[in-house]
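What follows is each chain in one-letter form.
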Amino acid sequence: MGIIESMRLDGKAIYVTGAASGIGKAAATAFAEAGADVAIVDINLEGAENVAKEIAEATGSKTIAIQCDVTKKDQVEAMVAKVVDTYGKLDACYNNAGIAVNAPAEEMTFEQWQKVIDINLTGVFLCATAAGRVMLKQGYGSIINTASMSGHIVNVPQPQCAYNASKAGVSLLTKSLAVEWAKRGVRVNCISPGYIGTELIMNAEHLKPLIEQWNAMAPMGRLGKPEELQSILVYLAGDTSTFTTGSDIIVDGAFTCF
Ligand code: NAD
């Protein structure tokens, strides 16, 4: 089989969190286009159901929508159990749900801090370990997490200390799990996107001045598109990346290079 054919995900079962929109939706679409059956997981059930329907119609892959708040251990465990019940196994997962809160550190409330850490970092821990327990038993599996270039640099001008800290945490959590599980068939990687122009960002009037500033700082002079993350995610989920584990792959149009 040639390399491109080997990259296909036919017959694989994959869940994606935060898949009702943005990067998660683009990832789920790519996995399904590559042949996988995909569980669309989100706190927003209606959004997840719409995406699941759209992807099934467009690709012919089997999809299910599952409501899950990634900060709740019982919901995460029920979600993983539902995926395994539905598809009989879990080949890969993409723990991607996340939020950003901008507030100066000295004014950030404890609740704001806690919410960002709960969703972005604890949510990834809960999902990755629940998925990991299934995959360790199977003896195989690929876990992908969404970190961010904000885990590598301090973005300006917006103040976002909780977000930056949560994403640096995702990166080291990813590497920690990769080392713990390296000899047991389970790989763990993350991607660190630069600014990505999801619909939410592009349609938010209040972000327009920020986007102009980000573009002025960006070597490529533009935001990335969710579709520009798809090929790396398909690679990480599949069987041509078997020596790739513990990697944090920055996809940022060189934003963090200087
Ligand atoms: P988005 O807001 O379009 O999508 C996030 C999804 O997560 C939404 O569908 C939302 O309903 C869901 N979600 C929120 N809280 C949840 C919870 N508690 N449980 C389950 N689902 C929940 O955002 P996006 O831009 O597509 O971002 C996706 C990921 O990529 C996030 O982790 C984000 O931090 C990261 N990221 C985004 C960018 C960017 O510029 N867009 C850059 C780097 C990293």
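As the structure is a prediction and not an experimental result, all values here were calculated from the model. What you see as residue numbers is a count from 1 along each chain, following the sequence as written. Since the coordinates come from a predicted model, pLDDT governs what is reported: local features require at least 70, and pairs of side-chain atoms require 80 or more to be given and counted, while whole-chain, interface and lining totals use all residues. Hydrogens and waters are ignored; side-chain quantities use all the structure's heavy atoms.

Participant: How would you sum up the nonpolar core? Please name residues and give values.
Facilitator: The nonpolar side chains of a soluble globular protein tend to be buried with one another. Nonpolar cores were defined as sets of buried Ala, Val, Leu, Ile, Met, Phe, Trp, Tyr and Cys residues, with membership established by side-chain atoms within 4.5 Å. Throughout this description, buried means an accessible area under 20% of the type-specific maximum (1.4 Å probe, protein chains only), exposed means over 50%, and partly exposed covers the range between. Formed by 34 residues in total, the largest nonpolar core has its most connected members in Y15, A39, M79, V83 and I143. The helix count covers DSSP runs of H or I at least four residues long, the strand count covers runs of E at least two residues long, and both are numbered beginning at the N terminus. Put simply, the parts of the chain that give this core at least two residues each are β1 (13-17), β2 (37-42), β3 (63-67), α4 (73-87), α5 (110-138), α6 (161-181) and β6 (186-193). Of the residues forming this core, the biggest block, 8 residues, is contributed by α5. The contact criterion used throughout is that any non-hydrogen atoms of two residues lie within 4.5 Å. Ignoring sequence-local partners within four residues, the contact set of A39 consists of I14, Y15, V16, I64, I66, V83 and Y87. Among the nonpolar cores identified, the runner-up in size contains 28 residues, and A19, Y94, I191 and L229 belong to it.

Participant: Outline the site of the ligand, supporting the account with residue identities and numerical values.
Facilitator: If you check the shell around the ligand, you find 26 residues, and the closest are I23, D42, N96, Y163 and I196. A distance of 3.3 Å separates a nitrogen atom of the ligand from a polar atom in the backbone of I43. Between K167 and the ligand, the recorded distance is 2.9 Å, taken from a side-chain N or O atom to an oxygen atom. We get accessible surface area from the Shrake-Rupley algorithm with a probe of 1.4 Å; when it comes to residues, only the shown protein chains can shield them. Contact with the protein chains removes 88% of the 830 Å² of surface that the ligand exposes when unbound. Listed by contribution, the elements that provide at least two residues to the shell around the ligand are α2 (22-33), α6 and α7 (199-202). Amino acid classes used here: Ala, Val, Leu, Ile, Met, Phe, Trp, Tyr, Cys and Pro are nonpolar; Asp, Glu, Lys and Arg are charged; the rest, including Gly, are polar. Its residues placed into classes, the shell around the ligand shows 14 nonpolar, 9 polar and 3 charged. Throughout, near means a residue has at least one heavy atom within 4 Å of the molecule or strand. Polar contact is the term for a pair of N or O atoms within 3.5 Å; when the atoms are in protein, one must be able to donate a hydrogen and the other to accept it, and sequence-neighboring residues count only if both atoms are side-chain atoms.

Participant: Go over the sheet that holds strand β4 (residues 92-95), please, and point to the residues and values.
Facilitator: Strands sit in the order β3-β2-β1-β4-β5-β6-β7 across an open sheet of 7 strands; the sheet is parallel. Each edge of the sheet is formed by a strand with only one pairing partner; in this case those strands are β3 and β7 (248-251). Pairwise comparison of adjacent strand axes, ignoring direction, gives a mean angle of 15 degrees for this sheet. For β6 and β7, the ladder comprises 4 bridges, and the chain directions are parallel. Looking at β7, one finds that P193 is bridged to V251. On top of the sheet, α4 reaches β1, β2 and β3; it is set at about 160 degrees to β3, its chief contact. Whether two strands pair depends on DSSP finding at least two bridges between them. Axis geometry follows a simple rule: fit a line to the C-alpha atoms, using only the stretch in contact for helices, then measure angles between N-to-C directions, giving values from 0 to 180 degrees.

Participant: Lay out the packing of α4 against α5 in plain terms, naming residues and giving numbers.
Facilitator: Axis angle and axis distance: for two packed helices, these are the angle between their axes and the distance between the axes, and together they describe the pair. Contact pair α4 / α5: the axes reach a minimum separation of 9 Å and the direction vectors enclose 40 degrees. Between α4 and α5, the crossing angle belongs to the class labelled oblique. The interaxial crossing formed by α4 with α5 has right-handed handedness. Contacts between α4 and α5 involve K73, V76, E77, M79, V80 and V84 on the former and, on the latter, L126, C127, A130, A131, R133 and V134. Counted by class, the contact of α4 with α5 contains 9 nonpolar, no polar and 3 charged residues. Under this scheme an angle from 65 to 115 degrees is roughly perpendicular, one under 35 degrees roughly parallel, and one over 145 degrees roughly antiparallel; angles in between are oblique. Working rule for handedness: look at the near helix, and if it is turned counterclockwise from the far one by less than a right angle, call the crossing left-handed; if clockwise, right-handed.

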